[in-house]
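Structure assessment
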Protein chains: 2
Amino acid sequence: MLTVFGSVALDTIRTPKKTLKNVLGGAATFASIAASHFTKTGLIAVIGNDFPKKNYNTLSKYVDLEGLTRLNGKTFRYDGKYDKTLSTRQTLKTELNVLENFKPTVPDKYRKSRFVYLANNDPDQNIAIIKEFNDVRFSMCDTIEFWIQTKRNSVIKMIKSVDAIVINDEEAKLITKENNLIKSAKKMMEWGAQYVIIKKGEHGALFFFQDIIFPTTAFSLENIVDPTGAGDSFAGGMIGYLAKMNKTNLSTIKRSIIFGNVLGSFAVEKYGLNGVIHVNDL
Amino acid sequence: MLTVFGSVALDTIRTPKKTLKNVLGGAATFASIAASHFTKTGLIAVIGNDFPKKNYNTLSKYVDLEGLTRLNGKTFRYDGKYDKTLSTRQTLKTELNVLENFKPTVPDKYRKSRFVYLANNDPDQNIAIIKEFNDVRFSMCDTIEFWIQTKRNSVIKMIKSVDAIVINDEEAKLITKENNLIKSAKKMMEWGAQYVIIKKGEHGALFFFQDIIFPTTAFSLENIVDPTGAGDSFAGGMIGYLAKMNKTNLSTIKRSIIFGNVLGSFAVEKYGLNGVIHVNDL
């Protein structure tokens, strides 16, 4: 099976055409639901006692929730606003709430997971939790600007402790202090990542392994309404496909990158989680 | 044969590491030399009496110069400066000089060209000159922000008068007033372009024909020193390949886009024209 560890959130998303208030979101929500189209997926995350029953039901429909902890307090909340081209997002508010002091534990039945995705969590937490799995075949993590700015050394250690890093282009440049993405990927490989996947949003992704560069395009879309969760859906689709195939040879990983692009493109076509949920409704 | 009509320039290019002063450049120079690797290419352009003999010799080595006119006055000059990431260029000076009142004519032996590339010239001039060819199988034009801002209606008429428009993403958005590239391409097809190629720099290009979208990646490069002429080399490589194959079916055009990307990638790896000239030196 696949285990995903990361945030479950109540998001307020302001797009030019529509505002969604307190909707189900979070990196691990998008990643685990994207992955669930391919394979059985367990979720390690925390929610507060304000978490709506209907959101719990949505999650439970797609994902195993034995790893979901409910704590007293409010669920992690995020509020962000897109510009009119949907290409930049401004954070209006981040309330960590129950996420702040959450100590994640791995349920026994998740410990045998061969595939593990660690979303953009505290890098020290990611480093600690990956050790709790007994038989990992392929582990992958993401990170964000906040951790690069506040815990750069831990992020570098985290990159060493997993097989693959999946990261946005701007964040790849930021952590490696390189302007060129090939140089940036090489540096992350020197730090210990065996595989590097650099996400370029609407321009697709670059995959690096040894001296191989495998560039992919994103699926071209005419109607993009909400980019939230696209990168998380990419990562979930990618590792979900790998887990389904239970293979990590090069051609399977290349194919998984294509599935990542496809899941990312589904995510942005509808508001909130709707795109990544309704993949089979075409 | 292929005919290319456009500017030959003496460029001053300021990059973070090196400044080139009054070197051979211009859209038609890059496009025709890129094309010359595939097919016999004739150049319609104008130079001044200050044009150095060594530059003339360089051009004559790759391109047929019967269409090159020398006028009294100075050659078109351009002076631009790249930022430290090489992603944006600021124009410091543009001197049209002999280009200003140039009335291009098509030499008899060029009139039978089956393939014609009109670079980012005055759109009215492009519309007029395409009529002077007797048996065109595939014509393609480019345009730039200056013409979109000053002669938008003429640019739209120009797009109608050729088979294919090759254009940068930002300029495609500007002329069509659309933020989405698919919507933008559809509008240009409504205006009469049969084929639309939108260049995205380091992210490759999108090709549109009827309801087909063919996305391509650029060749990933670790060392980029001078982006000047990349788009022109793309167009030249693309139409040069088509002219060599003497075919315009869909799979040949798709393949030509790949060659366009490859020639564009050669262009940026060395300073000035060196990249696109030394394609065979690997």
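The following refers to the structure shown. (Residues numbered from 1 in each chain as written. Chains lettered and ligands numbered in written order. Predicted model: local features only at pLDDT ≥ 70, side-chain atom pairs only at ≥ 80, totals over all residues. Heavy atoms only, no water.)

Let us now look at the layout of surface pockets. Residues and elements named next belong to chain B. Here the second largest pocket defines a volume of roughly 330 Å³. Lining the second largest pocket are 18 residues, and of these Val-23, Leu-24, Asn-55, Leu-273 and Asn-274 lie nearest its centre. Of all elements in the fold, only strand 3 (19–25), helix 2 (53–62) and helix 10 (274–277) reach the threshold of two or more residues within the lining of the second largest pocket. The residue makeup of the lining of the second largest pocket, split by class, is eight nonpolar, six polar and four charged. (1 Å grid on protein atoms, 1.4 Å probe; cavity = no way out; pocket = protein on both sides within 12 Å on 5 of 7 lines; lining within 4 Å. Points joined across faces, edges and corners; volume = space filled by probe spheres on them. Helix = DSSP H or I, 4+ residues; strand = E, 2+ residues; numbered from the N terminus. Nonpolar A, V, L, I, M, F, W, Y, C, P; charged D, E, K, R; others polar.)

As a further point, take the relation of the copies chain B and chain A. Between the two copies, chain B and chain A, the superposition gives an RMSD of 0.0 Å; the rotation angle is 180° and the shift along the axis is 0.0 Å. In short, the pair behaves as if placed about a two-fold rotation axis. An overlap of 100% is found between the interface residues of chain B and their copies at the interface of chain A, pointing to a shared contact surface. (Least-squares fit on C-alpha atoms with pLDDT ≥ 70 in both. Contact = heavy atoms within 4.5 Å.)

Further remarks concern the interface of chain B and chain A. Tallying the contact residues gives 18 residues for chain B and 18 residues for chain A. Taken together, the two surfaces of chain B and chain A that pack against each other cover about 1700 Å², and 48% of this comes from carbon and sulfur. Taken as a group, B:His203, B:Ser220 and B:Glu222 account for 33% of the area that chain B buries against chain A, more than any other trio of residues on that side. Where B:Lys186 meets A:Glu222, a salt bridge forms, and the shortest distance between an N and an O atom there is 2.7 Å. Here chain B and chain A share twelve residue pairs in polar contact (both at pLDDT 80 or more) between them. Of all the elements in the fold, those that place two or more residues in the side of chain B that touches chain A are helix 7 (181–190) and strand 13 (212–216) of chain B. Residues that form the side of chain B that touches chain A fall into these classes: five nonpolar, eight polar and five charged. (Buried area = accessible area lost by both parts, 1.4 Å probe. Salt bridge = Lys/Arg side-chain N within 4 Å of Asp/Glu carboxyl O. Polar contact = N/O pair within 3.5 Å; in protein donor to acceptor, adjacent residues only side chain to side chain.)

This brings us to the pattern of salt bridges. Residue and element names in this part refer to chain B. In total, this model carries 31 salt bridges over all chains according to the counting rule given. Among the ionic pairs, Arg-77 bridges to Asp-50, the shortest N-O distance being 2.5 Å. Placement of Arg-77 in strand 6 (residues 77–82) and of Asp-50 in the loop between strand 4 (41–48) and helix 2 is noted, with a sequence separation of 27 residues between them. By relative accessible area, which is 17% here, Arg-77 ends up buried. For the salt bridge of Asp-135 with Arg-114, the shortest nitrogen-to-oxygen distance reads 3.5 Å. With Asp-135 in the loop between helix 3 (123–130) and strand 9 (138–141) and Arg-114 in the loop between strand 7 (89–95) and strand 8 (115–118), the pair connects residues that are 21 residues apart, well separated along the chain. By relative accessible area, Asp-135 is classed as partly exposed at 40%. (Buried < 20%, exposed > 50% of the residue type's maximum accessible area, 1.4 Å probe, protein only.)

Two faces belong to every sheet, and in a regular strand the side chains alternate between them. All names here are of chain A. In strand 8 (residues 115–118), alternate side chains face the same way, and those of Phe-115 and Tyr-117 on one face and Val-116 and Leu-118 on the other are all buried. Inspection of the sheet shows strand 1 (residues 2–5) paired to strand 8 by four bridges, in the parallel sense. What sits directly across from Thr-3, in strand 8, is Val-116. Taken together, the four bridges between strand 8 and strand 9 (residues 138–141) define a ladder with parallel strand orientation. (Pairing = 2+ DSSP bridges.)

The subject of this paragraph is the environment of A:His278. Residue and element names in this part refer to chain A. Turning to its location among the elements, His-278 is positioned in the segment after helix 10 (274–277). The exposure class assigned to His-278 is partly exposed, which follows from its relative accessible area of 29%. In sequence terms His-278 and Leu-221 are 57 residues apart; their C-alpha atoms lie 16 Å from each other.

Counting residues in each nonpolar core, the largest one holds 50 residues, and the members touching the most others are A:Val8, A:Leu43, A:Tyr117, A:Phe138, A:Met140, A:Ile197 and A:Met238. With residues near it in sequence (within four places) discarded, A:Leu43 still touches A:Val4, A:Val8, A:Ala28, A:Ser32, A:Leu59, A:Val63, A:Asp64, A:Leu65, A:Gly67, A:Leu68 and A:Tyr110. Membership of the second largest hydrophobic core comes to 49 residues, among which are B:Phe51, B:Ala235, B:Ile239 and B:Ile253. (Core = buried A, V, L, I, M, F, W, Y, C linked by side-chain atoms within 4.5 Å.)

Residue and element names in this part refer to chain B. Contact pair helix 8 (residues 230–245) / helix 9 (residues 250–269): the axes reach a minimum separation of 7 Å and the direction vectors enclose 140°. When the axis of helix 8 is compared with that of helix 9, the two are oblique. The hand of the helix 8/helix 9 crossing is right-handed. Of the residues in helix 9, those touching helix 8 at Ala-230, Ser-233, Phe-234, Gly-237, Met-238, Tyr-241, Leu-242 and Met-245 are Thr-252, Ile-253, Arg-255, Ser-256, Ile-257, Phe-259, Gly-260, Asn-261, Leu-263, Gly-264, Ala-267 and Val-268. (Axes fitted to C-alpha atoms, helices over the stretch in contact; angles between N-to-C directions. Parallel < 35°, antiparallel > 145°, perpendicular 65-115°, else oblique. Left-handed = near helix turned anticlockwise from the far one by under 90°.)

All names here are of chain A. Within the fold, Lys-270 resides in the loop between helix 9 (250–269) and helix 10. A sequence separation of 43 residues divides Lys-270 from Pro-227, and the C-alpha atoms of the two residues are 8.7 Å apart. The contact partners of Lys-270, leaving out residues within four places of it in the chain, are Val-225, Asp-226, Gly-275 and His-278.

Residues and elements named next belong to chain B. Running from amino to carboxyl end, helix 6 (residues 169–176) crosses helix 7 at an angle of 60°, the nearest separation of the two axes being 9 Å. Regarding the angle of helix 6 to helix 7, the classification is oblique. Where helix 6 crosses over helix 7, the two elements pack in a sense that is left-handed. Between helix 6 and helix 7, the residues in contact are Asp-169, Ala-172, Lys-173 and Thr-176 and Leu-181, Ser-184, Lys-187 and Met-188, respectively.

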